[in-house]
Amino acid sequence: MDSLTSHVSIRKFKNEPVPEELISQLLISGIRASTTGNMQWYSIIVTSEPVLKAELAKLHYNQSAAVTAPVIITFCADIYRFSQWCVINNAKPGYDNFISFFNAAVDAILVAQNFCIAAENAGLGICYLGTVTYNAADIVKLLVLPEMVVPVASVALGWPVNIPELTDRLPLDVVIHNNRYKVYTSEEISKAYKEKENLDSSRNFVRENNKERLAQVFTDIRYNKKDNEYFSARFLDAIRSQGFDI
Ligand SMILES: Cc1cc2nc3c(=O)[nH]c(=O)nc-3n(C[C@H](O)[C@H](O)[C@H](O)COP(=O)(O)O)c2cc1C
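Note that this is a predicted model, so its numbers are computed, not measured. (Residues numbered from 1 in each chain as written. Predicted model: local features only at pLDDT ≥ 70, side-chain atom pairs only at ≥ 80, totals over all residues.)

1. Focus on the overall build of the chain
Counting its regular elements, the chain contains 13 helices and four strands. Compactness check: the chain gives a C-alpha radius of gyration of 20 Å against a globular reference of 18 Å for 246 residues, within 12% of the reference. Seen through its principal axes, the chain has C-alpha atoms that stretch 60 × 45 × 35 Å. Looking at the chain as a whole, 27% of its 246 residues are labelled buried. A fraction of 81% describes how many contacts in the chain between residues 6 or more apart in sequence connect residues 24 or more apart. (Helix = DSSP H or I, 4+ residues; strand = E, 2+ residues; numbered from the N terminus. Rg over C-alpha atoms; globule rule 2.2 N^0.38 Å. Buried ≥ 20, exposed ≤ 12 C-beta atoms within 10 Å, placed from the backbone. Contact = placed C-beta atoms within 7 Å.)

Structure (structure tokens):
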């Protein structure tokens, strides 16, 4: 629990390798995650070869976490391997649909998070790279992913240069509902986000972006509708190009 409650994303890593043996041990913890039907619909690509890792970092817009990390791990939804096993065994796979893709993505993400917890417990730092879905088609090409394999989570891994302050979270009672969902009143919602809005970092964010309210920084700049629609279409194209009929 201590390890979980002290999680922070690390965006700057020391120029030191992570031993392969350690990564293997962390991956053993990772793949103990629950998996749909125990089918393990995922594959994990560990990229540490410097030239290839630099190419991969480019597809993550050269974010500092991706550039400074000695390793980037790409967790892929993978129904290729399982489907091939079915075909070899005269069993007809019916997995090119949305529910199968979703199950495979959930499997891959559970492994990723198990892996991250194990890594942090070993003193390593991690940062998820959401850009994996923005440039999924290019990552497919760079990592030579076959059909039915789609990258869904990327993690920059390495030894932290320093440990930043814990980031904020909403109060627990805001995110927990007892027995049934209790719809929030507007007052409850305003109260829930008050502390976040009052943080110095949030106030700076609002000022730097010339906005009046923190929510507007999200809707108008960081996660705006235009970008969301553009990247939705790109990710869907990449998923369809990999053979999923969705
Ligand atoms: C799916 C996902 C994608 C993320 N993508 C990025 C990213 O591209 N770059 C980055 O610096 N952090 C990324 N993060 C990290 C979040 O920004 C971070 O978890 C959040 O701000 C809370 O901070 P903390 O992890 O330090 O507690 C991502 C996190 C998740 C779960």
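Having seen the model, we can carry on.
2. Overview of the pairing of strand 4 (residues 149-158)
The buried fraction of strand 4 is high, at ten of ten residues. Note: strand 2 (residues 71-78) against strand 4, eight bridges, orientation antiparallel. Following the sheet pairing, Ile72 is matched in strand 4 by Ala156. Bridge count between strand 3 (residues 125-128) and strand 4: four bridges; the pairing is antiparallel. What sits directly across from Tyr128, in strand 4, is Val155. (Pairing = 2+ DSSP bridges.)

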